[in-house]
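Here are the chains, one letter per residue:
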Amino acid sequence: MGCLVPFIVNTIALMVVAGFFPGFTIDGFGAAIAAGLVLTLINLVIRPLLIFFTLPLSVVTFGLFIFVINALMLMLTSAVMGEAFNMSGFGMAFLAAVVIAVLNMLMYNLFVNPLSGRKT
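All values reported here derive from a predicted model rather than from experimental measurement.

A separate point is the overall build of the protein. Helix and strand counts for the protein stand at five helices and two strands. Put simply, the protein runs from its N terminus to its C terminus through helices and strands in the order α-β-α-α-α-β-α. A compact globule built from 120 residues should have a C-alpha radius of gyration of about 14 Å, and the protein, at 14 Å, falls within 12% of that. Summarising the internal contacts of the protein: among those between residues at least 6 apart in sequence, 64% fall at separations of at least 24. Entry remark: accessible area of the protein is about 7000 Å², with carbon and sulfur atoms responsible for 78%.

What follows is the structure, encoded as structure tokens:
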């Protein structure tokens, strides 16, 4: 269950972002599920290493560099997914990373934490 919730939240966030931004496209529901799975796996394996190695830069930028790392994770997901998941460039990936971070915060605070009994 530990990986299931982030997978569901990432998939929903990717579908919402794809619905609002023309430069961020996902080819259907199956591709959104696959992209959510790939993004969840990348966030579990590669993202912590990048955060660790760029910690001094993140401290200097007061944590804003995390959005750059998140944008790079989205671009890596897009590269793995091929034609099923496309972004128009790094600017779109950065904007999507910010929106996905806000959506993740909202979904966890409004749905996941109350349903699991966690206090925020």
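So, about helix H2 (residues 28-53). An α-helix turns once every 3.6 residues. As a result, residues three or four positions apart point the same way. Here H2 contains 26 residues, and its C-alpha end-to-end distance of 35 Å stays within 8% of the 38 Å for a straight helix at 1.5 Å per residue. At Asn 43, H2 is deflected by roughly 40°, the largest bend along its length. Of the positions making up H2, those classed as buried are Ala 31, Ala 32, Ala 35, Gly 36, Val 38, Leu 39, Thr 40 and Ile 42. Against helix H1 (4-20), strand S1 (24-26), helix H4 (65-81) and strand S2 (85-87) lie the buried residues of H2.

Okay, the UniProt feature "transmembrane region" (unreviewed entry) in the protein next. When the UniProt feature table is mapped onto this chain, "transmembrane region" (unreviewed entry) is found at residues 12-42, 49-76 and 88-111. Between the end C-alpha atoms of residues 49-76 the distance is 14 Å, and the span holds 82% helix and 0% strand. Helix makes up 92% of residues 88-111 and strand 0%, whereas the separation of the span's terminal C-alpha atoms amounts to 31 Å.

Parameters and conventions
- Residues numbered from 1 in each chain as written.
- Predicted model: local features only at pLDDT ≥ 70, side-chain atom pairs only at ≥ 80, totals over all residues.
- Heavy atoms only, no water.
- Helix = DSSP H or I, 4+ residues; strand = E, 2+ residues; numbered from the N terminus.
- Rg over C-alpha atoms; globule rule 2.2 N^0.38 Å.
- Contact = heavy atoms within 4.5 Å.
- Areas by Shrake-Rupley, 256 points an atom, 1.4 Å probe, with all protein chains shown as cover.
- Expected span 1.5 Å × (residues − 1).
- Bend = angle between axes of the 7 residues up to and from the residue.
- Buried < 20%, exposed > 50% of the residue type's maximum accessible area, 1.4 Å probe, protein only.
- UniProt positions renumbered as here; feature names shortened; annotations may be inferred.

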